[in-house]
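Listed here are the chains, written in short residue letters.
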Amino acid sequence: MRISDVLRVKGGQVVTVPPETLVEALLSVLAEHRIGAIVVSRDGSSVDGIVSERDIVRALAARGAAVLAEPVSAIHTAEVQSVAPEAALEDVERLMTERRFRHVPVLVDGTLRGIVSIGDVVKERIGELETERSELAGYITGER
């Protein structure tokens, strides 16, 4: 399975915010969309960074509530790992596990085409396992 298969089911819509968005406003966007990370983008199609709930918590712990009045560019991760739609699901799963992040933007020629979360990856893996289990049960019972 490829990341393009995940996006085909999930869709390619990505919530973005410009770098000057205040962290306080970012919290509202995260809550409104019920998501754990947002791509920081000047134009909605390039990736300038990514900011997650973890980034916010770390900044709050380090600098206190004053962080809420800062722009997201002060707390976002600027060096963003991305993947292509052709990437194998297992490779992305490994990447997320080894690098310890839960969201990865999907880019085509530098343009944002989607975002995949660890939840998306786990959901697909569970689906694969259920299909395998069903097929195996069919073979065992002679139905296949």
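How each quantity is defined
Residues numbered from 1 in each chain as written. Predicted model: local features only at pLDDT ≥ 70, side-chain atom pairs only at ≥ 80, totals over all residues. Heavy atoms only, no water. Pairing = 2+ DSSP bridges. Helix = DSSP H or I, 4+ residues; strand = E, 2+ residues; numbered from the N terminus. Buried < 20%, exposed > 50% of the residue type's maximum accessible area, 1.4 Å probe, protein only. Arc of directions from axis to C-beta. Contact = heavy atoms within 4.5 Å. Salt bridge = Lys/Arg side-chain N within 4 Å of Asp/Glu carboxyl O.

Engineer: Summarise the sheet that holds strand S2 (residues 37-40); cite the residues concerned and give the values.
Structural biologist: Sheets are built from strands that pair by backbone hydrogen bonding, the pairs being arranged parallel or antiparallel. Pairing within the open sheet is mixed, and its three strands lie in the order S1-S2-S3. If you trace the sheet from one side to the other, it starts and ends with strand S1 (16-17) and strand S3 (49-52), each paired once. Note that S1 and S2 share two bridges and pair parallel. When the bridges of S2 are listed, valine 17 appears paired with valine 40.

Engineer: Account for helix H2 (residues 23-33), with residues named and values stated.
Structural biologist: Buried within H2 are the following residues: Val23, Leu26, Val29 and Leu30. Along the long axis of H2, the arc covered by the buried residues comes to 105°, so they all point the same way. Every exposed residue of H2 that faces more than 90 degrees away from the buried side is listed here: Glu24, Ala31 and Glu32. The inward-facing, buried residues of H2 contact S1, S2, S3 and helix H3 (53-63). Within two residues after H2, arginine 34 carries a phi angle of roughly 55°, on the positive side.

Engineer: How would you summarise the pattern of salt bridges if you had to cite specific residues and measurements?
Structural biologist: Within the structure shown, the criterion is met by eight salt bridges. With a closest N to O distance of 3.0 Å, arginine 94 and aspartate 91 form a salt bridge. In this pair, arginine 94 and aspartate 91 both sit in helix H4 (residues 89-99), three residues apart, roughly one turn of the helix. It is possible to trace a salt-bridge network through shared partners that takes in Glu90, Glu93 and Arg125.

Everything listed here is a matter of coordinates, which is why it stays silent on function.
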